[in-house]
Amino acid sequence: DVKPTSNVIGYLEGSDKKLKNEVIVIGGHYDHLGFGGEESLSASKGQDIHNGADDNASGTTGVIELARTLAKKKLNRTVVFMAFSGEELGLLGSSYFTLWP
């Protein structure tokens, strides 16, 4: 079953005339389709779906906190903050943006 999804993007434009065209991307993924396995914290040894798994919360809150902190500073380079979607299906969200021509 295929459903449409989106990346969520925000940015802070750099202040240096030359360096603002150089972009730093800070990202984390916000969806989860994964199942339990060897590295899972689940008590079950089966393949339990991890809806809202903590790696998503850690990644997205990290992106938000960095955006909040960096918004208070003068940046030479532009910083793009992204919450990626479709990562468990093959890094779809991040590769769409970072490999985009």
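1. Regarding the nonpolar core
Counting residues in hydrophobic clusters, the biggest one holds six residues: I26, V63, L70, L75, V79 and F81. Not counting residues up to four positions away in its chain, the partners in contact with L70 are L12, I26, L75, V79 and F81.

2. Considerations on the sheet that holds strand β1 (residues 8–12)
Sheet strands pair via backbone hydrogen bonds, and the direction of the pair is either parallel or antiparallel. The three strands are arranged β1-β3-β2 in an open sheet whose pairing can be described as mixed. Where the open sheet ends on each side, the last strands, each with one partner, are β1 and β2 (23–29). Pairs of neighbouring strands in the sheet enclose a mean axial angle of 15°, with direction left out of account. Pairing of β2 with strand β3 (residues 78–84) involves seven bridges; the strand directions are parallel. The residue bridging G27 from the neighbouring strand is M82, located in β3.

3. Examining the environment of I9
Its place among the elements puts I9 in strand β1. Apart from the residues lying within four places of it in its own chain, the contact partners of I9 are V80, F81 and M82.

4. A word on the pairing of β3
Here β3 lies mainly inside the structure; seven of its seven residues are buried. Neither face of β3 is open: one carries T78, V80, M82 and F84, the other V79, F81 and A83, and all of them are buried. Pairing between β1 and β3: five bridges, direction antiparallel. Bridge pairing links L12 to V79 in β3.

5. Side note on the side chain of T78
Looking at the element boundaries, T78 is found in strand β3. If near-sequence neighbours (up to four positions away) are discounted, T78 is found in contact with Y11, L12, E13, G14, L19, K20, E22, V23 and I24.

6. Here we look at the pattern of salt bridges
Summed over the entire model, instances satisfying the criterion amount to three salt bridges. One salt bridge connects E13 with K20, and the closest N-O pair in it is separated by 3.4 Å. Owing to a relative accessible area of 30%, K20 belongs among the partly exposed residues under this scheme.

Conventions we followed
Residues numbered from 1 in each chain as written. Predicted model: local features only at pLDDT ≥ 70, side-chain atom pairs only at ≥ 80, totals over all residues. Heavy atoms only, no water. Core = buried A, V, L, I, M, F, W, Y, C linked by side-chain atoms within 4.5 Å. Buried < 20%, exposed > 50% of the residue type's maximum accessible area, 1.4 Å probe, protein only. Contact = heavy atoms within 4.5 Å. Pairing = 2+ DSSP bridges. Helix = DSSP H or I, 4+ residues; strand = E, 2+ residues; numbered from the N terminus. Axes fitted to C-alpha atoms, helices over the stretch in contact; angles between N-to-C directions. Salt bridge = Lys/Arg side-chain N within 4 Å of Asp/Glu carboxyl O.

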